[in-house]
Amino acid sequence: MSLLAFSDFHLAFWSIAVGCVCGVACALLGCFLVLKRMSLLCDAVGHGMLPGIAIVVLLTGTLSSFVLFVGAMVFGVLTAFLAQSLSRFGTVSEDSALGIVFTSLFAVGVVLLSRFLGHIDLDPGCVFYGLFEFVPTKTFILFDVEIPETFSPTLRELIATLVEVPEAFPTMLTALVITIVFVALFWKELQLAAFDPELASAMGYNAQLLHYLLVALVAACSVAAFEAVGVVVVLAMFIVPAATAQMLADRMRPMLLWAAAVAVVAAVVGYWLASPWVFACNVGGMIATVLGAELLLAVLFAPRHGVLAKLVRNFRLTLRIAGEEILAILYRARENQTRVDTFVLKDHGLSRFTIWLALVRLQRQGAIERGASGWQLTDTGAQQAESLVRAHRLWEAFLGENFELPLDHLHAPASRVEHFLGPELQKQLAEQLHEPSKDPHGKQIPPVHEPQMHSDKST
Amino acid sequence: MPILDVHDVTVAYHRKPVLWDVDWTLDEPRLVGIVGPNGAGKSTLIKAMLGLVPLVSGTVNVFDQPVANVRRRIGYVPQRESVDWDFPVSVLDVALMGTYGSLGWFRRPGAKQRALAEKCLEMVGIRDLEQQQIGQLSGGQQQRTFLARALAQQADVYFMDEPFAGVDAATEQAIFQILRHLRQQGKTIVVVHHDLRTVPRYFDHLILLNVRLVASGPTATVFTDENLRKTYGGRLSILETVGAAVQAQERTP
Amino acid sequence: MIFWDWGSLYNVFVVLAGVSLLAASAGAIGCFAVLRRRALTGDALAHGALPGLCLAFLIAGERSLPILLLGALASGAAGIGVIALLRRWTRIKEDAAIGIVLSVFFGSGVALMSIIQNWPGGSRARLESFILGKTAGMVRQDVYVIAGLAGLTLVVVLLLYKEFKLVAFDPSFARVQGWPDFWLDFLLMLLVALAVVVGLPAVGVLLMAALLIIPAAAARFWTERLGIMLILSAAFGVLAGVAGTLVSTFLEKIPTGPSIILAGSLLFGVSLLFAPKRGWLARRRENARQRHAARQRRFLSVLYDATEPALPHCVPVPLAQLQAEPAWTTRQLTKLLEDAQRKQWIEREGDTLRLTPRGLEHAGQTARNERLWKLYLEEYTDQAVAQLQTDLPLLESVAEPAVIDALARKLKLE
């Protein structure tokens, strides 16, 4: 017998444990689903397995039997199979086929549940939003222990909690173990199938079999999780951690680890936010919300693929281009002995602010200075500018030789491309053009300088 | 007044340039062929002229105006694979779509439009199929349907993307006859073409394209071994390298 | 239980009117969604509507259908926007984006709903009815709202029928013609959103997608014309809606949403199996007919080949020679023989058979056509492949006379 009838600690511990185990199992599978673009199939399978559950519960009268897995897997695979057959033999487009099959099966499931199972502890409501709160309340005693009175109360509570396991937990743990074993066993096949299913088939792997195995596992994990969070939130547990991980990682292994971590964080934070101390609301819904928030953070702040990182990269490129344009203008001005006071760079779409910022930056770098005779290049600035003008004129020479372009059309393309021609490309160009000394307009192509001037240009 | 003016057009997909600085002007009505190897950007050039893909740089003018202002004077035959042929419309429906531009908002095609569409179907030789669903047609008949739709646009400039791809010889001849007929009426037709054997017979003006414009002008002067070698002799490797460098650094859209 | 009195009968009519209207508009607009391959976007829209419903209730503080639907529409549209943004700005693919919006929006809606229910008076919101659909509570005012929205959808579809058709079929052609394809597409999605939102009270969030997809997909089996498909789809929607509502009204413990969907599924199943031409049975029959015709051609060719050396006499051909052919099974051969005898192409004489004059003419033509085609495929491969049809029509009907002459001359030489 339990010493404390479901203390807060017991509830919290097992709720979070359940959330983590389900979440990690779903997240691991989710990575492959997202990469194989099976997200919507996953949604369909999650819905379509409902009649399987209903039938099993109808026959056995309980929700915690392992037969439930079988029922769910059968109907999950059936969903995928029916949708595939419908689009192949029934001239129905793939997405419509999926939609028709899963909604129909789901409707059958709901009717079965509401018509025949009203009296059992599986009401339709639970199917949609899950009853996370009740999962830890149906428990069994793992083994009877006599907890010595000499232990501290905290320790006693911990032990009491650990031995009193929610009925659903072994099922969920099994799902997790199966998933991990599956991923480990089929590691390279899964990667191959996610990357290039046709190649996988050509190499003799049965991609179709793997596909249905994956579908069956999705059904298994869905059924393990659905009592807790409901059929829709399960989808969030599959897809969102994987999508978040995709924003953060570029390879498979880190992606799986990130996805698992995201799932664990969502389980813990979600439970805490949903607990009576904060919002007192549905746990599954809150977990999905937290998952969404995690994804939002990743989308915004991911170091390489995040929106912010992209904006910063773009702005730095713009700033660099502005700076280089300024240097080039000053260089040409020096060639033509004209005076420069203001810069207008409309054809590059550069705003006044960007130009001002670029000017400040160049001044700080000591590349330009403002004297009595307007803006001037310093020696370092002149070196940088020379490289840029070299790139520009080399490209003009290249265009002149290989493109059908009139002479007066060379400048604009060259001023777009010049910013991307580092020393290495310049060398290649010069070699291919047999080290020209003049561009098509007859202007001098500056000779090559020491490589350090392009240092801030390397990718 | 130039009919078509492509000014320094560069187009990029996923930041990688697929068309570099193409500059080309057409002053007289011509039957123009765009020729080049696979992946040379032939379709992209047509789409750029039609305003269907964003330009990284450059401008396109048709009759001295931006394309958007002269839509009524433009006809288009897209690639056959670009639509779902199982779509529930009949051949006549598709031909009628060519008249939608002149109809404007809300108005339905009436007897006049119907007569025009039927005349166009007659011209391409599939009048008897007008009630068929488009999926039941053969490849050649589908291409003829698209051509009829373009004819129903009653345009001054036609753009056609691979109209001869995967059609039978009879259809190819029929299409060519129609192109010539249009040309005689003083229309301009720009055709993406893949079959070098028929080039000198079909076109009086040529664009040789391989990512960049290799040569353009009257077929007689442009269609030379030297130019073809330049066009089909592989990419300029340096262009590929620079393209990759641009892709790696360019601003994300 | 339903008690038969005027009041409840009146209620049933009100509900049926509402359900019919919304099913009709969902069915019609669903055609475009299905043809545009946007079927599951409607699903995402429906799920995405839930948090909006809850927020609208929180703001309005009471259960007023127009405000709730407005909230649902706004958050459904936001969901579609998020899908577009995720696709545009991140490496997340469309299917994952749809899944994310669907589940996260729904999850946050569920969380909000449970908060509302814990509030004093919150349970009066009966927001759960939006998840599975509950038509019983529909009152006359609700039907007015539904009728208004359904009517709006109908008017827009009627007005812009031509434009929608064009954009759904070939968006890039539409753009070349100067139509604002992006905005037309957007309007189409907006109408889908409207249909979804209107459908929520009846079939609920979870099954709304079905009301968009199933009638349209079923209607597609019966017709090759978009206009007819729209009308049929709307009619199927109404049929499913009415049947489903009645079943759920008269049978206990069957929620409206699933029962409407199952009625629709039944309609779809019937269409899938029995529709003329596109239906599964019809296509099976057509395939069988074509295979039989092909075997018959082969049968005649074999007979002709065996007869040819002794022409103009029709020598008997041993049955064993036909049985040795791998092109058919014994049963199929029996059927071919019976067929040929009935048409008086052959005469059986014990273990041999002989072509009749009538049969000879037919077999000669078939054999010649088959040989011409074979040669045609060898000599004019590209052209021939483009014209090849399963029923192998007479070459004269597809190829030019000059080509046929050349081929025939070649045949003679061989």
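Cut-offs and rules
- Residues numbered from 1 in each chain as written.
- Chains lettered and ligands numbered in written order.
- Predicted model: local features only at pLDDT ≥ 70, side-chain atom pairs only at ≥ 80, totals over all residues.
- Heavy atoms only, no water.
- Helix = DSSP H or I, 4+ residues; strand = E, 2+ residues; numbered from the N terminus.
- Rg over C-alpha atoms; globule rule 2.2 N^0.38 Å.
- Contact = heavy atoms within 4.5 Å.
- Areas by Shrake-Rupley, 256 points an atom, 1.4 Å probe, with all protein chains shown as cover.
- Lys, Arg positive; Asp, Glu negative; His and termini not counted.
- Charge placed at Lys NZ, Arg CZ, Asp CG, Glu CD.
- Patch = residues over 30% accessible without salt bridge, like charges linked within 9 Å, V, L, I, M, F, W, Y side chains within 5 Å.
- Salt bridge = Lys/Arg side-chain N within 4 Å of Asp/Glu carboxyl O.
- Pairing = 2+ DSSP bridges.
- Axes fitted to C-alpha atoms, helices over the stretch in contact; angles between N-to-C directions.
- Phe/Tyr/Trp six-rings, centres within 6.5 Å; stacked < 30°, edge-to-face > 60°.
- Buried < 20%, exposed > 50% of the residue type's maximum accessible area, 1.4 Å probe, protein only.
- Buried area = accessible area lost by both parts, 1.4 Å probe.
- Expected span 1.5 Å × (residues − 1).
- Arc of directions from axis to C-beta.
- Polar contact = N/O pair within 3.5 Å; in protein donor to acceptor, adjacent residues only side chain to side chain.
- Nonpolar A, V, L, I, M, F, W, Y, C, P; charged D, E, K, R; others polar.
- Core = buried A, V, L, I, M, F, W, Y, C linked by side-chain atoms within 4.5 Å.

Caption draft 1: Expanded view of the overall build of chain C. In terms of regular secondary structure, chain C is built from 17 helices and three strands. By the compact-globule yardstick of 22 Å for 414 residues, chain C is too spread out, its C-alpha radius of gyration being 31 Å. Once the C-alpha set of chain C is aligned to its principal axes, its extents read approximately 100 × 55 × 35 Å. Within chain C, contacts between residues at least 6 apart in sequence are counted, and of these 68% link residues at least 24 apart. Accessible surface, chain C: about 18,500 Å² in total, of which carbon and sulfur atoms supply 63%. Charged side chains of chain C number 41 positive and 32 negative; the gap between the two group centres comes to 5 Å.

Caption draft 2: How the structure looks around a nonpolar patch on the surface. A contiguous nonpolar surface patch, about 710 Å² in accessible area, is contributed by A:Val264, A:Val265, A:Val268, A:Val269, A:Trp272, A:Trp277, A:Val278 and A:Phe279. When you line up the elements, A:Val269 lands in helix H12 (residues 252-274).

Caption draft 3: The arrangement of the sheet that holds strand S3 (residues 31-35) of chain B in detail. Residues and elements named next belong to chain B. With mixed pairing, the six strands of this open sheet are ordered in space as S6-S7-S8-S3-S9-S10. Looking at the sheet topology across the chains shown, the edges are occupied by strand S6 (74-77) and strand S10 (212-218). Recorded for the sheet is a direction-independent mean angle of 15° between the axes of neighbouring strands. Looking at chain direction, strand S9 (residues 205-210) and S10 are connected through six bridges and run antiparallel. Following the sheet pairing, histidine 205 is matched in S10 by proline 218.

Caption draft 4: View of the packing of aromatic side chains. Residues and elements named next belong to chain B. Under the criterion given, the structure shown has 21 aromatic pairs over all chains. Taking the centre distance of 5.1 Å and the plane angle of 45° together, the rings of tryptophan 85 and phenylalanine 146 count as tilted. Of this pair, tryptophan 85 sits in the loop between S6 and helix H2 (91-97) while phenylalanine 146 sits in helix H5 (residues 139-152), and the two are 61 residues apart along the sequence. Phenylalanine 146 gets classed as buried once you look at its relative accessible area, which sits at 0%. Between tyrosine 202 and phenylalanine 203, the ring centres sit 6.1 Å apart and the planes meet at 85°, which makes this aromatic pair edge-to-face.

Caption draft 5: The interface of chain C and chain A, seen in detail. Across the boundary between the two partners, chain C contributes 53 residues, which contact 56 residues of chain A. Summing both partners gives a buried area of about 4,500 Å² for chain C against chain A, and 73% of it is carried by carbon and sulfur. The shortest N-O distance in the salt bridge between A:Asp250 and C:Arg91 comes to 3.1 Å. Breaking the side of chain C that touches chain A down by element, the ones donating at least two residues are helix H2 (39-60), helix H3 (65-89), helix H4 (94-118), helix H5 (129-132), helix H9 (181-220), helix H11 (256-274) and helix H12 (280-307) of chain C.

Caption draft 6: Spatial organisation of helix H6 (residues 140-159) of chain C. All names here are of chain C. With 20 residues, H6 extends 28 Å between its outermost C-alpha atoms, agreeing within 8% with the 28 Å of an ideal straight helix rising 1.5 Å per residue. Every buried residue of H6 is accounted for by Asp142, Val143, Ile146, Ala150, Thr153, Val156 and Val157. All buried residues of H6 lie within an arc of 165° about the axis, which places them on one face of the element. More than 90 degrees from the buried face of H6, the exposed residues found are Gln141, Tyr144 and Leu158. Looking at the packing, one finds that the buried side of H6 touches helix H1 (6-35), H3, helix H7 (161-169), H9 and helix H10 (226-250).

Caption draft 7: View of the interface of chain B and chain C. Each partner contributes residues to the interface: chain B has 40 residues there, and chain C has 34 residues. Each partner contributes to the roughly 3,400 Å² buried at the junction of chain B and chain C, and carbon and sulfur atoms together form 61% of this total. Of all residues in chain B, B:Phe87, B:Pro88 and B:Tyr100 bury the most surface against chain C, accounting for 20% of the area lost on that side. Counting every contact that joins chain B to chain C gives five salt bridges. Along the contact surface separating chain B from chain C lie 13 residue pairs in polar contact (both at pLDDT 80 or more). Put simply, the parts of the chain that give the side of chain B that touches chain C at least two residues each are S6, H2, helix H3 (100-103), H5 and helix H6 (169-184) of chain B. A breakdown of the residues in the side of chain B that touches chain C according to their chemical character gives 21 nonpolar, eleven polar and eight charged.

Caption draft 8: View of the nonpolar core. Ranked by size, the top nonpolar core spans 302 residues in total, and within it A:Phe238, B:Phe159 and C:Phe268 carry the most contacts. Per element, the largest residue contribution to this core is 29 residues, and it comes from helix H11 (residues 207-248) of chain A. In contact with A:Phe238, other than residues within four places in its own chain, are A:Cys26, A:Ala27, A:Leu29, A:Gly30, A:Leu33, A:Cys42, A:Val218, A:Cys221 and A:Ser222. A:Phe398, A:Phe420, B:Val211 and B:Val242 belong to the second largest nonpolar core, which has 28 residues in total.

Caption draft 9: The pattern of salt bridges, seen in detail. Counting across every chain of the model gives 36 salt bridges over all chains. Where A:Lys188 meets A:Glu189, a salt bridge forms, and the shortest distance between an N and an O atom there is 3.6 Å. Judged by its relative accessible area of 51%, A:Lys188 is exposed. Among the salt bridges present, the one from B:Asp195 reaches B:Arg197, with a minimum N-O distance of 3.2 Å.

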